[in-house]
Amino acid sequence: MKPLVLTFSAFGPYANKQTLDFSELKGRSFFLIHGPTGSGKTSILDAICYALYGTASGTSRTGKSMRSDHADLSVETEVDFEFVIGTKQYLVKRWPEQERLSKRGEGTTHALAKAELFQLSEKGDYELLSSTGRDVTEKIESLLGFKSEQFRQVVLLPQGDFRKLLTATSDEREAIMQTLFKTDIYRLIEDKLKAKAKELTQLHKELVQEQQLILQEASVTTLNELESNLKTAQEEEVLLRKKVGDLDQEFKNAQAQITTATRIQDQWNEREAAEIELKKLNEKISVVDQFRQNLNKALAAANLTDTETLLAQQAQDTATLQASRDGQEKALQASKEQAELAQQQLTVQENKTHEREAAAAEIHRLQLLSGTVEALAQTHEKALEAQANAQTALKQKNNLQAQFDEAQKAHQRKTEESQTLIFLSGQAQSRKMELEQLQSFLDKRNQLEQESKKLLIAKRKLSSTQQSVEQADEKLKELKQVYGALQHAWLNGQAGVMASQLVPGTPCPVCGSLHHPQPAAFYAQTPDESTLKRKQAELEQAEKNEKTLQTSYHQELNERDLLAQKVQTLKEELGDYALMELEKLTLLLNQKKSSYQEAYKAAQQLETLQHELTALAAKQIDLQSEQENLNKAWNSANERYLQAQTIWEERQAAVPPELQDPQALQGSLRNAMDLQAHLTSDLEQAQKNYQQKSQALTKNQADFDNTSVNLSHARERLTHIQNEFTSRLKSSGFLTVDEYLKTKWSQERIQKVQERIKDFELNLSAAQQRAQRSKEITESLPRPDLAKLQHAADTCKEAYEAALRHHSDLLTTLKSIQRWLDRLMANDQKMNKLASRYAVMGKLSEIANGQNDYRLTLQRFVLGALLDDVALAANERLKMMSKGRYYLQRTMDRTRKNSAGGLDLEVFDNYTGFARGVGTLSGGETFLASLSLALGLVDVVQSYAGGIHLDTLFVDEGFGTLDPESLDFAIKALIDLQQGGRLVGIISHVPELKERIDARLEVTPTAKGSVASFKVG
């Protein structure tokens, strides 16, 4: 950071506005701030520090106490500081809390502190980055790379605090160097390693717990005991497997005997069923014989079916011909009547010859008049066109006169309007400034409203979270009590389970004793392992929830405090506007906005209006000229109209009034032609209709005669077929037609009865063979006792299933034991892997987090190496200033055993050959050591951290404690420093410095306040 311009007013001893332009040094990088004691030299450094951080260079002064007692109330206390960081230029402005004259009325008002930060843009103007005090300070800290306290220890070395960097504690020096050298990454590495080691420890603990749970679940205490149980169960399983095989074979033999006996019993059952079926079929023989007789009669009746069908068809044909003849007779009579009517209609049309001739004559007359009417219409159109032209010219003339009158009125009206706009446009700038100021207040007021609501919500949310934390704590306590009781009960229950399995004379699996005088009691209410694990999971979840709520509570607490600070800052910046209602402020803004818009629009409208006035004047001249031309055009058009009207009236007298219109004439002609066409069409239609009706009459007469002949022939054939059918009935044995009809079956029924008789005969034969065959088979086979055989088989089955269940239970036990062994082995492998990982990660965590004799963490180790570089750079100057006597060096000794070390400094005295604390140096020696350390820190920080620009150093006093030779050395060191491009400013009232340094900032006190100015040469 390099200063450009420092401007302050009513600040400290400076009553009026004071501007310090560092370009007046004319390229010199080393200058003296000189003046009498109390004149205000340190106040210049206070102004720089206050502009950047809102605090003074010393801890005993505050921003609020910076206001000058010499200043008038009309002068506002303000500090503006322009500076450069790298290639970017910034401007920061601050106003402390102060009393000032009220802008409204008389008296004073309390003004709150405020701040603004700007950055120079590529366009050459400053752009606002922030306008709140806290935000400006945070951005400054980000830009410079350190906070106010570190700034005063590295860049601006204030009076009284100069030796702080040298005499700082190890922790204080760590905070300074951590910020300057950006070593947070090493702290992050420490935390990551620590978290990883803790995670591995927790995983190992969980694996140990899991191992204990597995052993408890298996009801053993050691892995060897579980392996012994596995071996015993495996031996028992081999014996039991053989027993199950033997019982299985016995059961299969019993089932085979039942199968053989069942087959013999089925053969006896078959014999009995065959005899029963044969008996039933013998009983149906008489019924079947009756069906056979009826079938023979039906077959005889079936031979007459063809003659019966032919007779029915001929009767139907005869009836159809009779119906057709009756219909044709009616059609013939109708044709005769229609032919007579057509003859009458033809006679009527032939009698209309006179009407057809009259229509033709009318058509000829109208066609002769069409030429005359067409000429009349053309003459009338010309007259109407001339009339329209005359009316158009008259309308244009009148419109032009109206435009001319309107232009005169508009010119007069706009002349009056321009006077008003001239007045309003003159107030545009002042109204704009008032609007921008009020808009800024409204924005802040809206922001205050939003932040206040957020603050209220944050308070409520914090209260709710606090209640949730308290409830979570209570729930966690309850769960811990419940889980502890369950775990105790479960352990007692496991002892009871083991005690219930003890057998007198056998060793106890826990103590090995053969006697069990007081075995543990079995509790029926012992919780199972799943219940215990579920409660453990609930407890772990409750702990996580409680930790999450605690984190949320602290986050919400910080959020509430930040919001409260924002609200307070906004209230301070708004002043009286903070209490004004938002609607009232908005209304006032809208009024100002309307006022400005009115003036702004007036300025825009004025220029436009002036152009319009010029255009209106020119338009009036053009309208006068155009009006004369339109008068001439109207007179000419009116004269042509009168001539065309006279010609039309002369031609109109030669045509009848009703035919003067061409459309009316054409309508009459069309009507005459339509009448002629209608009369001709009616005659032709009547002739055509008569011809058609005559032809229809002839056809219908021929159809009737033909059908009558066919009907006579059909009746004769019907009589012949009837006689033939009667003869065949008698020859087939049927006395009457009714007897024939009752005996007749359908072909489907005949076929079905034939099939049923055949099926019966086949079934009867098969039943006889089946009964004979089953009798021959069973004659040599005794009946078996199935109940006795089934009882024996059931007994074998029960014994087999009991042994099988025992074997299955034993296999389940073996699988459980094997699963427990597998889980224990897998758990053991995980524990071995964790141990290997922890051997590396745990050791790294211990080393990085300072678990060593010096409590030296990784970050402190890195900072220690950097401090060695700083001490090395400082000793280059201290060696010269102390004439080779003193060297600064880092010591690993700690002031307290429980404190961290590695960043403490001591001074080595070459005169004595011993090292001692820096606090043992004299005042002048302390100043030289502090100055060397500060300059060395500047060199090292600049070389290590490219993002931090230490381009400026201010030193406030301390030179008065030096002897002339030491003073020479100190001045030489500072001159060497400025050769690296840094700006070095020192404050002193030592007269020798004024004589030796040609670039000075002279501070002169007066009765009305101090003044300061640069003097070079």
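Let me sum up the structure you'll find in this document.

1. A look at the environment of asparagine 253
Okay, so step 1: Within the secondary structure, asparagine 253 is located in helix H7 (residues 223–283).
Okay, so step 2: In this structure the C-alpha to C-alpha distance between asparagine 253 and cysteine 796, which are 543 residues apart in sequence, comes to 9.7 Å.

2. Some words on a negative patch on the surface
Okay, so step 1: A surface patch of negative charge is lined by Glu206, Glu210, Glu540 and Glu543.
Okay, so step 2: Tracing the chain through its elements places glutamate 540 in helix H12 (residues 529–574).
Okay, so step 3: Assessed through its relative accessible area of 40%, glutamate 540 is described here as partly exposed.

3. Some details on the side chain of glutamate 451
Okay, so step 1: Mapped onto the elements of the fold, glutamate 451 is located in helix H11 (residues 428–500).
Okay, so step 2: The exposure class assigned to glutamate 451 is buried, which follows from its relative accessible area of 7%.
Okay, so step 3: Those residues in contact with glutamate 451 that lie beyond four places of it in its chain are Leu563, Lys566, Val567 and Leu570.

4. Comments concerning a positive patch on the surface
Okay, so step 1: A surface patch of like charges, here positive, comprises Lys280, Lys284, Lys752 and Arg756.
Okay, so step 2: Of note, arginine 756 is situated in helix H16 (residues 747–778).
Okay, so step 3: Using a relative accessible area of 60% as the deciding quantity, one classes arginine 756 as exposed.

5. Concerning the nonpolar core
Okay, so step 1: Membership of the largest hydrophobic core comes to 85 residues, with the highest contact counts inside it found for Leu6, Phe31, Ile44, Leu52 and Phe151.
Okay, so step 2: Contacts of phenylalanine 31, omitting those with residues within four sequence positions, involve Phe22, Leu25, Phe954, Leu983, Val984, Gly985, Ile986, Ile997, Ala999, Leu1001 and Phe1014.
Okay, so step 3: In this structure, Val567, Leu574, Ala578 and Met580 belong to the second largest nonpolar core, which totals 18 residues.

6. Considering the sheet that holds strand S1 (residues 2–9)
Okay, so step 1: Taken together, six strands build an open sheet; the order of strands is S2-S1-S4-S5-S8-S9 and the sheet is antiparallel. Edge positions in the open sheet fall to strand S2 (18–21) and strand S9 (126–130), since each of these has one partner strand only. The average undirected angle you get between the axes of adjacent strands in this sheet is 20°.
Okay, so step 2: Bridge analysis of S1 against strand S4 (residues 78–85) gives seven bridges, and the strand direction is antiparallel. Looking across to S4, one finds that proline 3 is bridged to phenylalanine 83.
Okay, so step 3: Sheet strands in contact with helix H2 (residues 133–144) are S4, strand S5 (88–95), strand S8 (114–120) and S9, and its direction is about 40° off that of S8.

7. Points about the packing of aromatic side chains
Okay, so step 1: Evaluation of the coordinates by the stated rule reveals 10 aromatic pairs.
Okay, so step 2: Here the aromatic rings of phenylalanine 31 and phenylalanine 954 are separated by 6.4 Å at their centres, their planes lie at 80°, and the arrangement is edge-to-face. Here phenylalanine 31, found in strand S3 (residues 30–34), pairs with phenylalanine 954, found in strand S14 (residues 952–956); they are 923 residues apart in sequence, far enough to count as distant. The same class applies to phenylalanine 31 and to phenylalanine 954, which are both buried.
Okay, so step 3: An aromatic cluster of three or more residues is present, and its members are Phe8, Phe11, Tyr14 and Tyr50.
Okay, so step 4: The lysine or arginine in question, lysine 114, covers the ring of tryptophan 95, its NZ or CZ lying 4.8 Å from the ring centre.
Okay, so step 5: Looking at arginine 749, its charged tip hangs above the ring of tryptophan 745, at a distance of 4.1 Å from the centre.

What counts and how
Residues numbered from 1 in each chain as written. Predicted model: local features only at pLDDT ≥ 70, side-chain atom pairs only at ≥ 80, totals over all residues. Heavy atoms only, no water. Helix = DSSP H or I, 4+ residues; strand = E, 2+ residues; numbered from the N terminus. Patch = residues over 30% accessible without salt bridge, like charges linked within 9 Å, V, L, I, M, F, W, Y side chains within 5 Å. Areas by Shrake-Rupley, 256 points an atom, 1.4 Å probe, with all protein chains shown as cover. Salt bridge = Lys/Arg side-chain N within 4 Å of Asp/Glu carboxyl O. Lys, Arg positive; Asp, Glu negative; His and termini not counted. Charge placed at Lys NZ, Arg CZ, Asp CG, Glu CD. Buried < 20%, exposed > 50% of the residue type's maximum accessible area, 1.4 Å probe, protein only. Contact = heavy atoms within 4.5 Å. Core = buried A, V, L, I, M, F, W, Y, C linked by side-chain atoms within 4.5 Å. Pairing = 2+ DSSP bridges. Axes fitted to C-alpha atoms, helices over the stretch in contact; angles between N-to-C directions. Phe/Tyr/Trp six-rings, centres within 6.5 Å; stacked < 30°, edge-to-face > 60°. Lys NZ or Arg CZ within 6 Å of the ring centre and 35° of its normal.

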